[in-house]
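# Results of the structural survey
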Amino acid sequence: MTPLEDKLRRAIQAKASQVPPEAVPPLRLSALRRRSSSLAHGGGERGGAPARRGWLAPVASAAVVTALVAASVVVSHDLADRQQRPAQLAGQPQRPAQQRQRGGPQNPPASITDQAAAWVAAQVSPNAVVSCDLATCQALDAAGVATSRLLILRPGGAAQALTSTVIVQTAAVRGDVGARFGARYAPVVLASFGSGAGQIEVRAVERTGAAAYRSKLADDLEARQLATTELLRDSRISVSAAARRQLQAWRVDERLLIMISFLSTLDRVAVVAFGDSGPGAGASGPLRWAELAIDTKSGRPATLAELRRVLSDANQSLAPYRATLAKIIAIPGGREVLCVQYAAPTPLGILNYNG
Amino acid sequence: VKLPEAAGARSAARESAEDAVAALYEANALSLIRMAYVVLDDRHGAEDVVQEAFYGLYRRWGRLKDADNAIYYVRAAVLNGCRSALRHRAVRRRVLADRPDQRPAASAEAMVIKSEEREEVIRALARLPHRQREAVVLRFYLDLSDEQIARVMNIRQSTVRSTVARALDALGRDLKETL
């Protein structure tokens, strides 16, 4: 035996001996028996103090620091943007859709514009800069999207559009940035409204181009497959048949996979449903929303108070894992579940991140 | 007439499984909890992993072809449970930007140089990839042979040898400055 092997053996023996013989708990075969619920797994419940609470204090501090940093970034970004903000939006009172400026006969009906604006306001990340034509930007402003996040496109504005995160493509915008902008730099349709010349597409902008995006997406799909396989193997996570099919089609947003995995470290999680890839986004759009039934480690459904505690834990998570929306809802049958939703667009490379 | 007999047989089989698993637990629980503790550095977590492993064995007892395989099954289940617990811990850290577990304050004994050295070895062990760490613990804590480690980890004996060699190499490099 080499000196290293000897040191290793002695170190391991010393570490192991920190567990005294009397520390072995009695075998609990009956207490561990699982419940036969389709939504729940059970498991041994440890008595004593909830050890996981130990991380709450540092996490709360981290969350506060992150919130302060994020707030200062948003404020500085807002101030910088205000100086360049187009005069058309600055100080302009909000007007109803039918009174808004229209660029020409090909522009979509106001109702379609309002639908698209409402969707962007509710579903697109609050940090995303949105490029749009004037009429659409006005509708977005009216829907509650901060004006500092709006970038009004001008003719020949393709370079300008590349600085945004999301582009709302109308016929007017296609005229401004070129008909092939979408195929070249915004290959992902997040949502689509209306049809024909009046169609509005909300697309994610990929400034490195569609080819680079496809390459990153291929890496991501591989990572998503591995993560999904791990998740389906996890005895603390159960999934409904429909959710399993969606998982196995690698369609679930990576942030959601990580959040489910995270919640399973605290309790048992049953995925009731996935959803919300955006209207008109097609079957390949990532699913950014999930209904999650939570069971305690002993296998009984979480009470409302316990669910609130899980919700609070979920809300402690940091960007980019923090959900845009996390709330408790009642599903048919009366059970209360956790509803978690992430904003569009789905960032790539989350699962390959090694931080 | 058949039903009570069948029920009686099932009950007898369950009792027999419970007795067998309980006997195996009594003989091996401490060493397995200690092994899981070395891997996880978390005593409650180690106890949970071992309980789950024995419960899994109990559930599969009727399907075991050979009762001698039981200990291999349970060792593999403990390692799988440790891997899962470490994965969960990594997810928690990632999502919450959680800090690594605080180590207990140094005791008088820990101030002794030998203890410091041992702690450094354990920390280096924790930095090894999961598979290497498992092979090292099976070899140097449970004193298993290459063949036994191969059965527990479901890999070839040659892979066991190369994994342990790579682990020792990495530990040697890692500890060079401190040992």
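That block above? That's the structure.
Residues numbered from 1 in each chain as written. Chains lettered and ligands numbered in written order. Predicted model: local features only at pLDDT ≥ 70, side-chain atom pairs only at ≥ 80, totals over all residues. Heavy atoms only, no water.

## Quick notes on the pairing of strand 3 (residues 166–169) of chain A
All names here are of chain A. The side-chain alternation of strand 3 yields two buried faces, one formed by Val166 and Val168 and the other by Ile167 and Gln169. As judged from the two bridges shared by strand 1 (residues 130–132) and strand 3, these two strands associate in the parallel manner. Directly across from Val130, in strand 3, lies its bridge partner Val166. Two strands pair when backbone bridges link them, and strand 3 and strand 5 (residues 200–204) are joined in this way by four bridges, in the antiparallel orientation. Each bridged residue has a counterpart across the sheet, and for Ile167 the counterpart in strand 5 is Arg203. (Buried < 20%, exposed > 50% of the residue type's maximum accessible area, 1.4 Å probe, protein only. Helix = DSSP H or I, 4+ residues; strand = E, 2+ residues; numbered from the N terminus. Pairing = 2+ DSSP bridges.)

## Structural notes on the sheet that holds strand 7 (residues 268–275) of chain A
Paired through backbone hydrogen bonds, the strands of a sheet run either parallel or antiparallel to each other. Residues and elements named next belong to chain A. An order of 6-7-8-10-9 is seen for the five strands of this open sheet, with the pairing classed as mixed. Both outer strands of the open sheet, strand 6 (237–239) and strand 9 (325–330), are each paired with one neighbouring strand and no more. For this sheet the average axis-to-axis angle between neighbouring strands, irrespective of direction, equals 30°. (Axes fitted to C-alpha atoms, helices over the stretch in contact; angles between N-to-C directions.)

## Topic: the nonpolar core
Counting 64 residues, the largest nonpolar core has Leu8 and Ile12 of chain A together with Met35, Phe54, Val78, Leu125 and Leu138 of chain B as its most contacted members. Counting residues per element, the ones that place at least two in this core are helix 1 (3–16) of chain A together with helix 1 (2–40), helix 2 (43–60), helix 3 (70–96), helix 4 (113–126), helix 5 (130–140), helix 6 (146–153) and helix 7 (157–175) of chain B. Element by element, the count of residues in this core is highest for helix 1 of chain B, at 13 residues. Those residues in contact with Leu138 of chain B, other than ones at most four positions away along the chain, are Met35, Leu79, Asp143, Leu144, Ile149, Val152 and Met153 of chain B. Judged by nonpolar contacts, the second largest core, of 37 residues, contains Leu263, Leu307 and Tyr321 of chain A together with Val91 of chain B. (Core = buried A, V, L, I, M, F, W, Y, C linked by side-chain atoms within 4.5 Å. Contact = heavy atoms within 4.5 Å.)

## A short note on the pattern of salt bridges
Residues and elements named next belong to chain B. On inspection of all chains with the given rule, the structure shows 22 salt bridges over all chains. Two residues, Arg123 and Glu119, come together in a salt bridge whose shortest N-O distance is 4.0 Å. Linking Arg123 with Glu119, this pair stays in helix 4, spanning four residues, or about one helical turn. Classification of Arg123 by relative accessible area gives partly exposed; the value is 25%. Taking the relative accessible area as the measure of exposure, Glu119 reaches 23% and is therefore partly exposed. Here Arg161 makes a salt bridge to Asp146, at a shortest N to O gap of 3.3 Å. Of this pair, Arg161 sits in helix 7 while Asp146 sits in helix 6, and the two are 15 residues apart along the sequence. According to the relative accessible area criterion, Arg161 is partly exposed, its value standing at 45%. Among the residues examined, Asp146 registers a relative accessible area of 16% and is labelled buried. (Salt bridge = Lys/Arg side-chain N within 4 Å of Asp/Glu carboxyl O.)

## Observations concerning the packing of aromatic side chains
Tallied over the full model, the rule gives four aromatic pairs over all chains. Seen from their ring centres, Phe181 of chain A and Tyr185 of chain A are 5.6 Å apart, and the 45° between their planes marks the pair as tilted. Residue Phe181 of chain A and its partner Tyr185 of chain A are both found in helix 8 (residues 181–185); the two are separated by four residues, about one turn of the helix. Owing to a relative accessible area of 3%, Phe181 of chain A belongs among the buried residues under this scheme. Among the residues examined, Tyr185 of chain A registers a relative accessible area of 28% and is labelled partly exposed. Between Arg151 of chain B and the ring centre of Tyr72 of chain B, over which it is positioned, the NZ or CZ distance is 3.8 Å. (Phe/Tyr/Trp six-rings, centres within 6.5 Å; stacked < 30°, edge-to-face > 60°. Lys NZ or Arg CZ within 6 Å of the ring centre and 35° of its normal.)

## A word on the side chain of Arg335 of chain A
Residue and element names in this part refer to chain A. Relative to the helices and strands, Arg335 is located in the loop between strand 9 and strand 10 (336–341). At 2.9 Å, the side chain of Arg335 and the backbone oxygen of Ile294 are in polar contact. Of the polar contacts made by the side chain of Arg335, one reaches the side chain of Asp295; its length is 2.8 Å. (Polar contact = N/O pair within 3.5 Å; in protein donor to acceptor, adjacent residues only side chain to side chain.)

## Here's the deal with unusual backbone geometry
Here the residue pair Ala344 of chain A and Pro345 of chain A is connected by a cis peptide bond, since its omega of -5° sits within 30 degrees of zero. For Pro345 of chain A, the position within the fold is in the segment after strand 10. Positive phi values are uncommon outside glycine, yet Trp250 of chain A reaches one of about 55°. You can see Trp250 of chain A is positioned in the loop between helix 10 (241–248) and helix 11 (254–264). A positive phi angle, near 60°, is found at Asp41 of chain B, a position not held by glycine. Checked against the element boundaries, Asp41 of chain B lands in the loop between helix 1 and helix 2.

## Notes on the interface of chain A and chain B
On the chain B side, the residues contacting the 51 residues of chain A number 48 residues. A combined buried area of about 4,800 Å² lies between chain A and chain B, and 64% of that area is made up of carbon and sulfur atoms. Taken together, chain A and chain B are joined by four salt bridges. Taking the shortest distance from any N to any O, the salt bridge between Arg9 of chain A and Asp143 of chain B comes out at 2.4 Å. For the pair chain A and chain B, the number of links is nine residue pairs in polar contact (both at pLDDT 80 or more). Those elements giving two or more residues to the side of chain A that touches chain B turn out to be helix 1, helix 2 (29–32), helix 3 (56–84) and helix 11 of chain A. For the side of chain A that touches chain B, the element with the highest residue contribution is helix 1 of chain A, accounting for twelve residues. (Buried area = accessible area lost by both parts, 1.4 Å probe.)

## Some words on the environment of Ala191 of chain A
Residues and elements named next belong to chain A. Along the chain, the position of Ala191 falls in strand 4 (residues 188–193). For the pair Ala191 and Gly285, spaced 94 residues apart in sequence, the C-alpha to C-alpha distance is 9.1 Å. Setting aside residues no more than four positions away along its own chain, Ala191 makes contact with Trp119, Ile200, Glu201, Val202, Gly278 and Pro279.

## Thoughts on the sheet that holds strand 3 of chain A
All names here are of chain A. One open sheet holds the five strands; their spatial order is 2-1-3-5-4, and the pairing between them is mixed. Among the strands making up the open sheet, the edge pair consists of strand 2 (150–152) and strand 4. Across this sheet, the average inter-strand angle for adjacent strands is 20°, counted without regard to direction. Here helix 4 (residues 110–123) sits on the sheet in contact with strand 1, strand 3, strand 4 and strand 5, set at roughly 135° to strand 4. The sheet strands contacting helix 5 (residues 134–143) are strand 1, strand 2 and strand 3, and the helix crosses strand 2 at an angle near 160°.

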